[in-house]
Structures are given as structure tokens and as C-alpha cells.
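Results of the structural survey
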Amino acid sequence: MADARLQAQAAIVVVGSGRGIRLAERADLGKLELRGDPQERAFLGAIGRVLDLLLPVEPGSSASKGDITALWQAPDRWLITCPLSDVPLFAKLLREAIGPDRHAALCEVSDGRVAFSLAGPNARDVLAKGCPLDLHPKQFRPGRVAGSLLAKAEILLHCQAPDHFDVYVARSFAGYLWAWLEDAGLDYGVLVAPS
Amino acid sequence: MSAQPNRLAAGGQVERGRPLAFTFNGRRYQGLAGDSLASALLANDVHLVGRSFKYHRPRGILSAGAEEPTGLVQLGEGGRTEPNLRTTQIELYDGLVATSQNCWPGVQLDLGALNNLASPLLPAGFYYKTFMWPPAFWQPVYERLIRRAAGLGRAPVLPDPDRYEHRHAHCDVLVVGGGPAGLMAGLAAARSGARVILADEQPALGGALLAEPAAHPGQAWRQEVLAELAGFEDTRLLPRTTAFAYYDHNYLCLVERVTDHLGPAAPPQLPRQRLWKVRARQVVLATGAIERPLAFAQNDRPGIMLAGAVRRYLHGYGVRPGRRAVVFTNNDSAYATALDLAEAGAEVTVVDLRPQAEGALPAAAAQAGIACRAGHGIVATEGGQRVKAVICARLSADGTRIEGARERIPADLVCVSGGWNPTIHLHSQSRGRPVYDPERGCFLPGLPVQAERSAGACAGEFGLAACLAAGAAAGAAAAEAAGFRASPPDWPAELASPAEAPARLLWQLPAAKPEARAKQFVDLQNDVTAADIRLALREGYASIEHVKRYTTTGMGTDQGKTSNVVALGIVAELTGQPIGELGVTTFRPPYTPVPFGAIVGRNCGPLFEPVRRTPMDAWHEAAGAVFEAVGQWRRPWYYPRPGESMATAVAREVTATRAAIGLLDASTLGKIDLQGPDTAEFLNRIYSNGWSKLEVGRCRYGLMLGEDGMVFDDGVTARLGEQHFLMSTTSGGAARVLAWLEEWLQTEWPELKVYCTSVTEQWATLSLSGPRTRELVALLAPEFDLDPQHFPHMSVREGTIDGVPARLFRISFTGELGYEIQVPARYGLALWARCMALGEPFGLTPFGTEAMHVLRAEKGYIIVGQETDGTTTPGDLGLDRLVGRKKPDFLGKRSLARADMGRADRKQLVGLLPRASEDLLEEGAQLVADPNQTPPMAMIGHVTSSYRSPSLGRSFALAMVQGGRARLGETLFVPMPDRMVAVTVTEPVFVDPEGERLHG
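This report concerns the structure included in the present document. (Residues numbered from 1 in each chain as written. Chains lettered and ligands numbered in written order. Predicted model: local features only at pLDDT ≥ 70, side-chain atom pairs only at ≥ 80, totals over all residues. Heavy atoms only, no water.)

It is worth spelling out the pairing of strand β19 (residues 376-383) of chain B at this point. Residue and element names in this part refer to chain B. Among the eight residues in β19, six count as buried, and that is most of the element. Pairing of β19 with strand β20 (residues 387-395), which is carried by seven bridges, proceeds in the antiparallel orientation. Looking across to β20, one finds that His-376 is bridged to Arg-394. Between β19 and β20, which pair antiparallel in sequence order, lie three residues. (Buried < 20%, exposed > 50% of the residue type's maximum accessible area, 1.4 Å probe, protein only. Helix = DSSP H or I, 4+ residues; strand = E, 2+ residues; numbered from the N terminus. Pairing = 2+ DSSP bridges.)

As C-alpha cells, this is what we get:
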């Protein structure tokens, strides 16, 4: 059965000068939402062995290794991302690691949450048009994660690198947010590139 | 095109080599780049700009800044036109078009000026006294008249073609005002490494220095500071930016005029204006001071200006607004204007209210040979559309009477100074309470309530050196408070201003004419005179808030920036109360008017509100669906075929579903994944019905009640595993229900081990209903065993379709045999298309929300929010079987035990059949038992849902009726404006009451 990318850009689209930000859908990103007790060392250890990284427990932090990233969303809630094709395997391994008796929950949300990648020298300027967070490079550093609003959409914002952000948004809002980002980038220029 | 008679040969920050053409009232003029519209008009000797609000008196330009009450124009044309703009703050651009306001046919001959002749009949409170009688006249006559007369300019009627943006910003120190104190504060903070935003409403930073000559040492200092500030990476300078609102938690809103000064030449990708939403750790207010006029007789003629503003025109723009000037003052500062005017070649006379003028500036003026009438006041002025002369006279020692002979001094310019009011608006907005300082004769900022401090003239520190010192200290203190190590910067010693002698405060001045004709204006915009204020007091309005409202002092677009304190002073003198005890009226945002466009930002047009789309939205759109907004979701309402009306399309969709198969996009329904050993117990508490005995693989319909026992949400929840459930909620209730579940888990029942995760958007949901559904599902999902023995109604199975994970539910919201298929959202569109292709031989018909409503209503299935309204219990809906009274507890249980819940006359769900089968009731219509009552009738219920039923071949309705279940068979009546509709009360289930179709 054919799947459908939301912003299936086969071609490169340039808005304005195209130099300020690069915008792309990370359509091949798999997402798993994990719930569990951060006080329970055995849980953190079991998950850590599967992902080969320690789940971040500090609020607003993340952990990354290779193509796996764990984003802190709440004290007992993480978003784990990996290549979409690896989701079935990771889901299975994580369920095994959790085991039948431990209280934890895993849900796949690859389809429910869409990830946009926003990069370029004006990425922070564009975000600041709709996001009330303090996005100063000293405050929102690479690795930081925060739930917030972007325009009228609820988002999870992850700073990948000084000029590179991932924006997670519920699928049904993605069209609105994409249009908003293209519009907000108008004065800096937007390059829409297929991921 | 005319020459610029008032432009000086040199001076000002204007670009002499860049002339700009503009049009005022249809006449073409020339100004220079760097001019404000006001300075360009004055350069052309145009003082008459508009007509006053009430009396239509000729009015000119009073000031050079934000306080301008009268020099207002309608700027631009078509969709870009904007009313009530201050000429003093409009930067001139080539091709600018402006017109006068509040006059007809023109500003020079204005018929409204007849009001002026009648002015003795139009005192304060005229409206309240006149437009009272007869009451029937109020709306059709008076309101129309008043509305026509009200306002100054005209609101645009075309859409605004410009772009506006919002921008969030955070900083350690926000400095409002770029004058000497603000620049110093910004420098102190920036040097400490703090993140600084420095905003100033003017195009150039410098504040009061902009009114100083080019040779003033402050100019070089200003350039040096600006250059240094520009070098800090974390300092943002925002000229052309007004901080207009100060909210809680140091949240301030600023409006930046990004391209206003470019006019139509502005680049299209830039916003016209930008609204900054700033969170500042510390705020330094360096907002300066606004000069106060004096309330002398006929003080409103064009050509009468504030003394400080005249200096600004001289030195900032190279414009000398008149040749024969009288400077009327109660303090030293206006002597600087006298000196500069004389220097610029004007003939100058000073009239000083003080018996002696002995400061350094008066001494310099005397030395320059400028005539001074000390102890005098202006008691009248002459002139029509421009001041021609003033009449001055010696005043008695107490200032209340004219003593000496009257002297007529010809003048085409009168420069007035009644002292200075610190600009405390933002401090007041931040909840600070200003205090009156009798020594300085002005209100000063009180104790800070938020993390803010005032520095410079806005704190009553009026000399240049005092401003620099205060700014340096405030900037350093703010940076320290924000966690930085800071020290106050130094400044060149030559930056000082002469010491000034105290002012003489005389709020009421004697006039040559009797009170009613003296025209001593206090509020130049609203035409409020000193006599109006006296009248208000005579009529018993003692509180300053009442005086303000009765006379409308300070209520115009300028919010009384030049009039409030004068009005207070007059009230204080008349009542004998100290000004400080009268209090000052509270300032509220905005400081100056903000265009709606800036407030709206990009939240307009297609970005006005998010439109949530389901995974199958593209198919619906291609199929020509008409959409309905369900909250932010857009859902197909119905799918009309060419030429079909809505009624025909809906009837076709309903009939096809009952006869063959219908397909509904149900992806918007909320889905919450619940996992954990205590989930069944949690559901027992959250839902009114029982969940412990639900087997794995089975589903149950549940009602969720609030603590008040009222239905709050409903939906089907499936048990996917021993500890794993999937809850569905209403489309609109998804977020609310998740928050509700989390609230109970986190605050009341932390001992329950349950994790809730929203998966609404993860799954696309296709809902199939109709007698042939099983045949189609068998083709679509061959891996599932559909045998009703193994897969009965209200069950769920997990598996795959074409290798894609899928969940298949056997549930129904139509009363027909029904299956719901969920696949990951990215496959929704493809599965829908395949479903349509495979379903064609069966007569598969997509149906929208309208057909869904008809189908469910025919079965008496409720919709939360349609049949219920927050006062509806399960019992009211006939759903008592869903109340697990034997359960130890559940949300709402205690409330259901209240006596009121058992009343026999509660409104209960029933069906209605209109007597005439074609009669369609209106949803929301009221029901009465006796049609012959005289209104107001006793209303015993209301229609909640009403449709035409293709299945019944007639109209029907659902309703909530008092004691409804005991009324089955009764006839009730629906009074409509034009008729009385008789209806029969029935059971609420109209189709297949035995439920045979469901279980087939």
C-alpha cells in the first residue's frame, strides 16, 4: 500500500532569496513515545541497552547516538526517534526490554507526529516570529528540547545544531505549520528541499 | 510646488539634497528627507492642520512628538488609509498624501464650525443633558447623529494590503527610550555583557539631544555611544519602535514601524510594522518628559506651540515655525527656545508668569536683548486660522486677576511652556502608583511593582548631567539585578545644562473675556476648557475619574498626554485639595494607538486559524466534498454530485448506507492509548459504567461524567490486552479528555499505574456501515476472520492489511452492521482509495457528517454537546443502564445521588414527530404544552436534533422534554414566529429498535 508524505516535495522550491532557511519534512523519521519511571534504574538501564544511550532525565535535554535520539518531554515521557524502517525492530526490542511485569508504555507515533527540519542562519529568527521560547544561542543550545507553541500549533522543538532545529507537530497541523513557516521565512528567503 | 518659507538656510538632521514631494489637502508641497510631516508642513508655513472635535475650531501642530493632540491627519488612500495619525510622528516620504480630518467641505471653510458659535450652549455634559428625551428618539435619531459626529478620521473600508508581523524577544535589560538617560543605561548594561534591547519611538536615537543644535557636545557623544552599542553582539537597537504596553511579569509589547517611512516604495517582503513581544528580566524606563501647555485664553489657535517642540523644529529639522514669536512660560526652560529663535532671526518677546526671572537662561536672554514681561500672562489671543497677536497683562501677586494695562503684541508664533510632565505611562501600566512631587510640580514614578526602574526626565531628573548620571546608575543596577557585574559608565564633563530656577504653578489663568467665552483649553483634542471643568465641579463631580468622564478630558487618541495634569491642577485649585491627594487617572495600554494590523500580525487570511486535515483530506477535496468546521478540524459535510442540493445528497448518502454500504472518515475522533496494570480500575472510576469484566478483544461504550454527574464525553473503549486499552473520545473532546485523565492520575490517584498517550493522529480511521459491509471488509482485509461467531458486534482484532498494521473494530454509530478500520495515518489515503475501488460493485457511498448525524439520530444515538449541554445526566438520556451503581465509586457518583437528579420533571430525551411529515423543526426551538397561553409561555423543553429521514420518509427530531418519558404519545407544540407546529412525543429510536441490523 502506498504511503503518503505530507509535504512530498520532489522538486526544490525557492521562496524569496532562498538563503535564510532550509525547510524539509523528515519523512523517513520513525518516532516512538515511551513512558516509564525515571527513578527506576533497572528501567533506564534496560532501555539504555537497547538504544545504546542513556534516557535523558534532566528537563529539556536530549541524548543522541548514531541515528537514534531520545528527547525528554516530561519526567516520565520521552520521544525516541530512529530511521522509520528500524521502528518495528526497536519497538520489539524495547517491549522485550520493558518485559511483561514492569509498568511502562510504548506507542508508535511515527505517523501521528510530523518532523520538519529547519536550518540556516535565520532559523532562530523565523522561529522567534511565532515561538515564545527564549531561543538565544546561549539559552537554547544544541541538544535542548522544549514543548511550546509555534504560531497556533503545539510543537516540540529540538535544537540539533546552532543553526538547525527539528520541529515536531501533530500531523493534522502540519499543513498549517508548513504554510506558516514558508510565510515567516519570506524576508530571509526559504529553500524547500526534499529530505 | 511652493518654496519652503520657514526652512532655515542651514541646520537640522534633514538631507538638504533630497527634496520630497507630498500632498496635503490636495495641494502639493515639498519637504526634505528626514522631515516629519509636521516639520515639512511648518517649513511651508502650514499651521492649520485640522478642526477640533466638538467646536470645529481651527487647530494646528502643538508638539513634535507622541503627545500631539491636534496635528492629526488622515494618511494615505484606499486600503492603506489610516485616521488620526500624528503629523509629528509621520516620517515624510516621496508621494505622501494626507488630508485634514473632522471638517467639511474643507479645513479652511468648515461648516461644522457653526458649533463654535453655539459653544456657550454646548458645555460639558451636553450630550447627557440633551439626548435624553424622548426615549424613542435615542436609537433612530440621536445615536445616528452622535455616531456621525463622533471620531475624527475615517476608518478604512478596504482590506489592508500590508504585511504585519509578530516577533518574540527575550533580554536581560530592556531600555525604553533612547535619550541621554536611555543611551547611558543601555551602554552600562551592554558593557556588562547583558542582553540589551533599546527601543525608541523616533527614527533617530538621542531623545532630547535631537532638539539641541549641531554644535552641542552631546551630538558627538551620542554618535560615539551609538557606535559602541552597535558593536555589541547581544544588543539590539530598535529605533521607530514604541513600547506601548507593559503587562505582568515584565512582558512588554512594542510596535516597530519597519517600512512606514518608505511609503509605497517599501520592499514587499518586509512587514509594514512589527509587533515585538518582549520578556525582560529588568526594565529601565527612560521615557523622558512631555512639556505642559498653559491654559490661557484662546490658547488653541494654530501657531501656538510648545516651546520645546519649537526648538526641535529649529535644530532637528532646520525649520523656524514663525518670525514674530512670543514665548509664554512659567519656568526657565523656554528661554532656550527664545534664545534659539532670536539666533535664527525671529523677533522674540518673553512673557513670564514669574515676578522675577533670574536663572542662567533668563540672564542669557536678557543679555541677548530679548524683551521679557515678568509677572505677566497672556489673557487673550487674536487670529483666525493662525495666531496674529497676543494680549498680555500684568497679573496680581496671587495670579488670579489682571492688574496692569493690556498690551497687544503681534505674533505669528506663540511658544508655551507650563513645565514638564515625566512620561510615567509605562510605570503606571506596570502597576506602579505615581506620586506627586510638589517641589517639582509633577507626578513622579512611585515604588516599582515589577522589575523596573525609571531614569532621567521620566523620573523628574531634568538636567542633562542628571539624566546621564541617572541613566548610568539605572543601567548598571538593572544589569546587576539580572546577574551581571556592571558599573556606571563615565561621560564627558562638558555634557551639562544650566541650572534652572523653580517654575511658578498657576493652573488657572485670568482671561480678558468672561468665563464662557474665554476658551481656555485644557484638552485641545476633545475641546475641554477650564470652564467645563469648573462646571463639572459645580455639578457635583468631585472625583477626578468622574470629572474626566463627564468632561471627556484626556479621553481622545492622545489620552490626555498634554491635558491630564493641567486638568488635575485646576480641580486641585478649585477644591483646595493637594494634587497628590486627587490621584492621577490610571494609564492603560496602548501608550499611543496601535494599528489593528500590527496586533493581528500574520494571523489573517489562510493563516488565520489552523485547519486540521485528516489523512484522507486530499481525496475528499478531489471528490468535491463540501466541508464543515468541527473545531479546528475540517470534515466532509456531504459529497454532492453535480446538480445535487445538500438535502438530496444527504438523503442519497443515508439511503445508500442503510441499503448497501457507507464510508465515513472518522479519523478525527480522539484516541487515547492506556497502558498499565491499573487501567481497568482507572476506567471504572473515570466512566460511569463498569469495565472490570470487559474481555480482551471486546469493546464497550462508556459515558464520562463530570464531578457534577453531568455527561462530559462519551465513546467506545476497546480492550487490546490485559493491561492495554484504547479509548475513543469525541472529536472536539480529545484534548480535554486527555487533560482530564492526566489531572486525575497526577493529582488524585497517583497510586494508579496507568500511562495515557494520545494516538489520535497516529491512526487513520475508516468507518464502514451497511448491510453489505462484511462482504467488502472480507475483500479489503482478508487476513481477519469475520465470522460473527468469532467476531461479534463490539469487538476488536489486531492484524495486518497488506503488511500494514491494522486494527479492525466491529462497532457502529449508524445502527447498521459496522466495521471501523484503523491503519497508520500515512496509509489512510491509499486504504480509502482501495476501499472505494473494491466497494464500487456493492454501491459503496462515502458519506459526510450530515448523513452521519441523520443516521445516528434515527437510532437515537446522542451526540455530546448536541443532546447534552452540561446539565444532562445519564438518566436524562435514558442511559441509566450505563451507571454502575454497584461500583464503589466513579466520577459523578455522589452527585447522581442528589435528590434533584431523581426529579420526575427533569428534561428527558424523547423523539418528536411533527404532525405534518414535511415539517422540519428548528434545532433549539422551544416546546410548550398549551399553544393558547399568552406569552411568556411555559417552556417545557427544546429540540436538540432535527432532520429529514429518508428511512422514515418524513421529518423527525430528538428533544429534551420535562418528564418526557411519561409523555410518550402526547401532543406538544413548537411556537414559531409564523405558526404553531404540533408534534407527537415518541421513543427516541426510529429505526430498528430491536438492533437486529447491528448484530447481523
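This part is about the interface of chain A and chain B. Contact residues are listed per partner, giving 44 residues for chain A and 46 residues for chain B. The interface formed by chain A and chain B includes nine salt bridges. Ionic pairing is found between Lys-129 of chain A and Glu-165 of chain B, a salt bridge with its closest N-O pair at 2.9 Å. Remark: the boundary between chain A and chain B carries 27 residue pairs in polar contact (both at pLDDT 80 or more). Grouping the amino acids of the side of chain A that touches chain B by side-chain chemistry returns 21 nonpolar, eight polar and 15 charged. (Contact = heavy atoms within 4.5 Å. Salt bridge = Lys/Arg side-chain N within 4 Å of Asp/Glu carboxyl O. Polar contact = N/O pair within 3.5 Å; in protein donor to acceptor, adjacent residues only side chain to side chain. Nonpolar A, V, L, I, M, F, W, Y, C, P; charged D, E, K, R; others polar.)

By secondary structure assignment, the location of Asp-234 of chain B is in the loop between α6 (217-230) and β10 (235-238). Owing to a relative accessible area of 21%, Asp-234 of chain B belongs among the partly exposed residues under this scheme. It is 7.7 Å that separates the C-alpha atoms of Asp-234 of chain B and Gly-193 of chain B, two residues lying 41 residues apart in sequence. Apart from the residues lying within four places of it in its own chain, the contact partners of Asp-234 of chain B are His-136 and Lys-138 of chain A together with Ala-194, Arg-195 and Val-196 of chain B.

Before going further, it helps to spend a moment on the sheet that holds strand β18 (residues 371-374) of chain B. Residue and element names in this part refer to chain B. If you trace the five strands from one edge of the open sheet to the other, you get β15-β22-β16-β17-β18, paired in parallel fashion. The sheet is open, and its two borders are formed by β15 (304-306) and β18, each paired with just one other strand. Pairs of neighbouring strands in the sheet enclose a mean axial angle of 20°, with direction left out of account. Relative to strand β17 (residues 347-352), strand β16 (residues 324-329) runs parallel, the two being bridged by six bridges. The residue bridging Val-327 from the neighbouring strand is Val-350, located in β17. Running over the sheet, helix α7 (residues 307-317) touches β15 and β22 (413-417) and is turned about 85° from β15. Packing of helix α8 (residues 333-343) onto the sheet brings it into contact with β16, β17, β18 and β22, and relative to β17 it is tilted by some 165°. (Axes fitted to C-alpha atoms, helices over the stretch in contact; angles between N-to-C directions.)

Glancing now at the environment of Thr-747 of chain B. Residue and element names in this part refer to chain B. Residue position: Thr-747 is located in helix α21 (residues 734-748). Residues Thr-747 and Asp-713, 34 residues apart in the sequence, show an inter-C-alpha distance of 21 Å. Separated by 2.6 Å, the side chain of Thr-747 and the backbone oxygen of Glu-743 make a polar contact.

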